[in-house]
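Survey of secondary and tertiary structure
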Amino acid sequence: MKDRGEQARDYFKQGYNCTQSVALAFSDEIGIEKSRMLKMVSSFGGGMGRLREVCGAVSGMFFVAGALYGYDDPKDMQTKKEHYARIQELAAQFREKNGSIVCRELLGLEGRDSSPVPSERTEEYYKKRPCAEMIATAAGLMEDYIKRHPLV
């Protein structure tokens, strides 16, 4: 059986965006119907709608963390604090491995991308973009987190 990182990479190579790819790799754990989940996270690919802000793989990792470990009581400050610490830990791990959690920095781009047009997924695209590896890294970090902090 493939690990979550490999699964996420495969989803990306099928054409799903970064966030969708990471989320799909954990769909069995999350318990949200796949089509609905894909729509829920579709805005976050390309660093938030191709704005090249927070990496979509990181957003996917955060989505999974929230779906599995998040809080639902806004007055429960302790649980909220614990969750934010969890997100910061995951971000730090991703940053340590990749140097940033910002899409444009990971891609070596200057500024935001103002075009809403997604890049065509060709062999050349996959060769020049580190996205598949970023996705595998984010999913792998989340998988490791789950192993260290099993769901009850």
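Residues numbered from 1 in each chain as written. Predicted model: local features only at pLDDT ≥ 70, side-chain atom pairs only at ≥ 80, totals over all residues. Heavy atoms only, no water.

Let's shift gears to the packing of aromatic side chains. In this structure the tally under the stated criterion is four aromatic pairs. When the ring centre of F12 is taken as origin, the NZ or CZ atom of R121, which lies over that ring, is 4.0 Å away. (Phe/Tyr/Trp six-rings, centres within 6.5 Å; stacked < 30°, edge-to-face > 60°. Lys NZ or Arg CZ within 6 Å of the ring centre and 35° of its normal.)

By the element assignment, N17 lies in the loop between α1 (4-13) and α2 (18-25). In this structure N17 comes out as buried when scored by relative accessible area, which is 15%. Polar contacts involving the side chain of N17 include one to the main-chain amide nitrogen of T19, which spans 3.0 Å. At a separation of 3.1 Å, a polar atom in the side chain of N17 contacts the main-chain carbonyl oxygen of S42. Those residues in contact with N17 that sit more than four places away from it in its chain are F12, V41, S42, G45 and R121. (Helix = DSSP H or I, 4+ residues; strand = E, 2+ residues; numbered from the N terminus. Buried < 20%, exposed > 50% of the residue type's maximum accessible area, 1.4 Å probe, protein only. Polar contact = N/O pair within 3.5 Å; in protein donor to acceptor, adjacent residues only side chain to side chain. Contact = heavy atoms within 4.5 Å.)

Before going further, it helps to examine unusual backbone geometry. Not every positive phi belongs to a glycine, and M48 is a case in point at roughly 80°. Position of M48 relative to the elements: it lies in helix α5 (residues 45-48). A positive phi angle, close to 70°, is found at R50, a residue other than glycine. By the secondary structure assignment, R50 is in the loop between α5 and α6 (56-69). Owing to a relative accessible area of 12%, R50 belongs among the buried residues under this scheme.

For the rest of this paragraph, the subject is the nonpolar core. In terms of nonpolar packing, the biggest core is built from 42 residues, with F12, F26, M61, V64, F94 and M142 touching the most fellow members. Excluding residues within four positions of it along the chain, F12 makes contact with N17, C18, S21, R121, Y125, Y126, C131, A132 and I135. (Core = buried A, V, L, I, M, F, W, Y, C linked by side-chain atoms within 4.5 Å.)

Right, let's talk about α1 for a bit. Three or more residues of α1 are buried, namely R4, G5, Q7, A8, Y11 and F12. For α1, the angular spread of buried residues about the axis comes to 160°, placing them on one side. Contacts made by the buried residues of α1 are with α2, α3 (27-30), α4 (34-41), α9 (123-128) and α10 (131-148). The N-terminus of α1 is capped by D3, whose side-chain oxygen sits 3.1 Å from the backbone nitrogen of G5. (Arc of directions from axis to C-beta.)

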